[in-house]
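Okay, here's what each chain looks like letter by letter:
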Amino acid sequence: MKLLTILCSIVFTIKSCSSDVAITNKNTEISSQKLYYNAKIYTVDENNPLAEALLLEGNKIIFVGTNKEAKLKANKNAKKIDLKGKLVLPGFHDVHMHPMEVGSTTTAFVLNEEETNAENYISTIQKASKDNPNVEWLIGFGHSINTLFNAKRNPLEIIDEAVSDRPVIIMEQTSHSMWINSKGLELEGITNSTKNPQGGIIMKEGGKLLGILIDNAGNVVFQQAVESLKDTDGEYDGMVSYVLPELAKYGITSVSDARTYWKRKQHKTWKDLANDGKLTARFNLGLWAYPTENDKEQLVSLKSLFSNDENSLLKINQIKLYSDGITHNTTAALHSNYKEDFFGLKTNNGLNYFTQERIAKYIEELESVGFDFHIHAIGNRGVTEALNAIEQSGTSKGRHRLTHVEMINNSDLIRFKQLNVTADAQVAGDFTQPQYWHENNHLLGAELSDNQVPIKSLKEAGARITLSSDWNVSTLNPFVGIQNAVTRAPQNISLKEAVKAYTINGAYVMRQEDKVGSLKAGKLADFIVLNQDIFTISSNTIKTTKVVLTVFNGKEIYESK
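Reading the values: the criteria
- All residue numbers refer to positions counted from 1 along the written sequence of the respective chain.
- Selection of residues for local features in this predicted model requires a pLDDT of at least 70, selection of side-chain atom pairs for listing and counting requires 80 or more, and totals for whole chains, interfaces and linings are taken over all residues.
- Heavy atoms from the whole structure form the basis of all side-chain values; hydrogens and water molecules are not counted.
- The split of the chain into domains comes from an automatic or database domain assignment.
- In this description, contact between two residues means that some pair of their heavy atoms is separated by no more than 4.5 Å.
- Computed with a 1.4 Å rolling probe, the buried area is the accessible surface lost when two parts are put together, summed over both parts.
- The working definition used for a salt bridge is a side-chain nitrogen of Lys or Arg within 4 Å of a carboxyl oxygen of Asp or Glu.
- Here a polar contact is taken to be a pair of N or O atoms separated by no more than 3.5 Å, where protein atoms must pair a possible hydrogen donor with a possible acceptor and residues adjacent in sequence count only if both atoms sit in side chains.
- By definition, any uninterrupted DSSP run of H or I lasting at least four residues is a helix, any uninterrupted run of E lasting at least two residues is a strand, and each is numbered from the N terminus.
- In this scheme Phe, Tyr and Trp rings, the latter by its six-membered ring, pair at centre separations within 6.5 Å, and the angle between planes marks the pair as stacked below 30 degrees, edge-to-face above 60, and tilted otherwise.
- Summary of the burial criterion: residues with accessible area below 20% of their type's maximum are buried, those above 50% are exposed, and those between are partly exposed, where the area comes from a 1.4 Å probe applied to protein chains only.
- Here a cavity means grid points, on a 1 Å grid over the protein atoms only, where a 1.4 Å probe fits yet cannot get out; a pocket means an open set of points with protein on both sides within 12 Å along at least five of seven lines; lining residues are those with an atom within 4 Å of a point.
- Grid points are joined across faces, edges and corners, and a volume is the space filled by probe spheres set on the points.
- The criterion is simple. A nonpolar core is a set of buried Ala, Val, Leu, Ile, Met, Phe, Trp, Tyr and Cys residues joined through side-chain atoms within 4.5 Å.

## Let's talk about the domain arrangement of the chain
Phase 1: According to the domain assignment, the chain contains domain 1 (33-85), domain 2 (92-98 + 231-555) and domain 3 (106-229).
Phase 2: Spacing between the C-alpha centres of domain 1 and domain 2 amounts to 32 Å.
Phase 3: Taken together, the 19 residues of domain 1 in the interface contact 23 residues of domain 2.
Phase 4: Contact between domain 1 and domain 2 buries roughly 1700 Å² in total, counting both sides, with carbon and sulfur atoms accounting for 65%.
Phase 5: The tally of links between domain 1 and domain 2 comes to one salt bridge.
Phase 6: The residue Lys40 makes a salt bridge to Asp533 at a minimum N-O spacing of 2.7 Å.
Phase 7: If you look at where domain 1 meets domain 2, you find seven residue pairs in polar contact (both at pLDDT 80 or more).
Phase 8: Secondary-structure elements contributing two or more residues to the side of domain 1 that touches domain 2 are strand 3 (33-37), strand 4 (40-42), strand 6 (53-57) and strand 7 (60-65).

## A few points about the packing of aromatic side chains
Phase 1: If you walk through the whole model with that rule in mind, you get 16 aromatic pairs.
Phase 2: The interplanar angle of 45 degrees and the centroid separation of 6.1 Å between the aromatic rings of Tyr242 and Trp471 together place this pair among those described as tilted. Placement of Tyr242 in helix 9 (residues 232-249) and of Trp471 in the loop between strand 23 (465-467) and helix 18 (478-487) is noted, with a sequence separation of 229 residues between them.
Phase 3: When its relative accessible area of 38% is taken as the criterion, Tyr242 is described as partly exposed.
Phase 4: On the accessibility criterion, Trp471 (6% relative accessible area) is buried.
Phase 5: Relative to Tyr290, the ring of Trp262 has its centre 5.5 Å away and its plane inclined at 80 degrees; by these criteria the two rings are edge-to-face. Taken together, the residues Trp262 in the loop between strand 17 (252-260) and helix 10 (266-275) and Tyr290 in the loop between strand 18 (282-288) and helix 11 (295-305) connect sequence positions 28 residues apart. For the pair formed by Trp262 and Tyr290, the shared burial category is buried.
Phase 6: Taken together through their ring pairs, the aromatic side chains of Tyr261, Trp262, Trp288, Tyr290, Tyr322 and Tyr353 make up a single cluster.

## Some thoughts on empty space enclosed by the protein
Phase 1: Under the criterion given, the structure shown has one cavity of 30 Å³ or more.
Phase 2: Size it by volume and the largest cavity reaches roughly 60 Å³.
Phase 3: Lining of the largest cavity is provided by Glu101, Met171, Ser175, His176, Met178, Asn219, Phe222, Gln223, Arg259, Tyr261 and Tyr322.
Phase 4: Ranked by residue count, the leading element in the lining of the largest cavity is helix 8 (residues 216-229), at three residues.

## What to know about the nonpolar core
Most often, soluble globular proteins keep nonpolar side chains buried together rather than apart.
Phase 1: Ile125, Leu247, Phe283, Leu402 and Phe416 are the most contacted members of the largest nonpolar core, which has 128 residues in total.
Phase 2: Ignoring anything within four residues of it in the chain, the contact list for Leu247 reads Met97, Ile252, Val255, Phe283, Trp471 and Leu476.

Here you go:
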């Protein structure tokens, strides 16, 4: 074995030496095989849905079946792991989250979302400013925009009282608005006469700024603030120290990053993680389509960034763009008008980050390169226009998806199947539960508020459904999403469909269903072991389930203590 060690050290820079490679030294054979047996394996393979054992050779599954058959096929030196009857599932796919944003160290402070008096935020902001004297922009996160809407004085006066000598910007907990002080507005050249940008609103009252930037008006400023901090090291370190371990803990082995800010060089940080061997999940990046960019120049840049190396854990093969905004801002695009008018614009039926015509143009240009589109669409008009754009410019090659899909006209339900568009839903958040639907009656009316995120209706219409977290808007925990998906009557689906939504359906939209997403011979070994059988326990206790073991690419990357 000393000779092996020496040889490994000599050739390490050429090819990593591993105990997973079969080696013979005298009479001792180290096998690359691992046998996981005595389990209840739900394979998500329709031809072989249940099994007892998995036999691995390196990072691949070579047999799925009974304990007896697997033991006969295993070589005598295979490592044997007794799972003691526990449930095994394929590794989870979360096809809409913001991992690099979650892990970033740019946020200096967090406000309490439950706080209803904006005046009470002043001390927190002041303390953050004192604790972070050297940052160019002081960045925060977490308040509810309703707290600002309900403030007794101008929100700009409140944040200026907290800090006035340098720029401050605070992202609201949904990320769809920003609270900014006068210094920040001044640096960005925003005055009482500044016009609204595409997909955004600069809030004013009586012609005077309120310090609230809605949707893309806030996005533009926030990205410039973050870029000024030059914190790529923080994003890298946050991924390694926090995000990747959290993914493994919850059994998530494949992820679509729902917004990669390529102008901030985030894609290069991702590439550094991949090249350094740090990734412990498969990642597809969704390059952010900036609404205010020149289309011709942006399309050229996006095309140049496409990457789809089959041998890499990192692929840059998706485009993320927004059709509309969000309901409680009254910026989700509706076919009808909102019941309340916050902004006094010419129209009161939401806004478009990208119009139907622009979406169609981007799909026509980028689908042929190999990009799939990940389109934010919350309002029923946003959904209709996104589907129209795909129908207008898409081909059978595309694996596009609409995410959020909170309101859908009945006539659009069948179009998801007809156009091969995946409906990506997030139901882990409490706001998506039926008991909360009618909290938006004052904005939408009772009829439109009903049947939010209609996953049952979509399933009955033949749509492919994926479930995702939108982390950190909602919890990362897939078992919360699964429990809610099966219990949120009248818009619920079966447990088997919920598991498919987190596994093989997610694999399809990531173009890797031939490699992962189900457990069968020939596929890569991504799977998880659970502490309880979600198929036999009460559906109301699914969210208490824990992952006890996560295997990614044949390696055990997480084990509960």
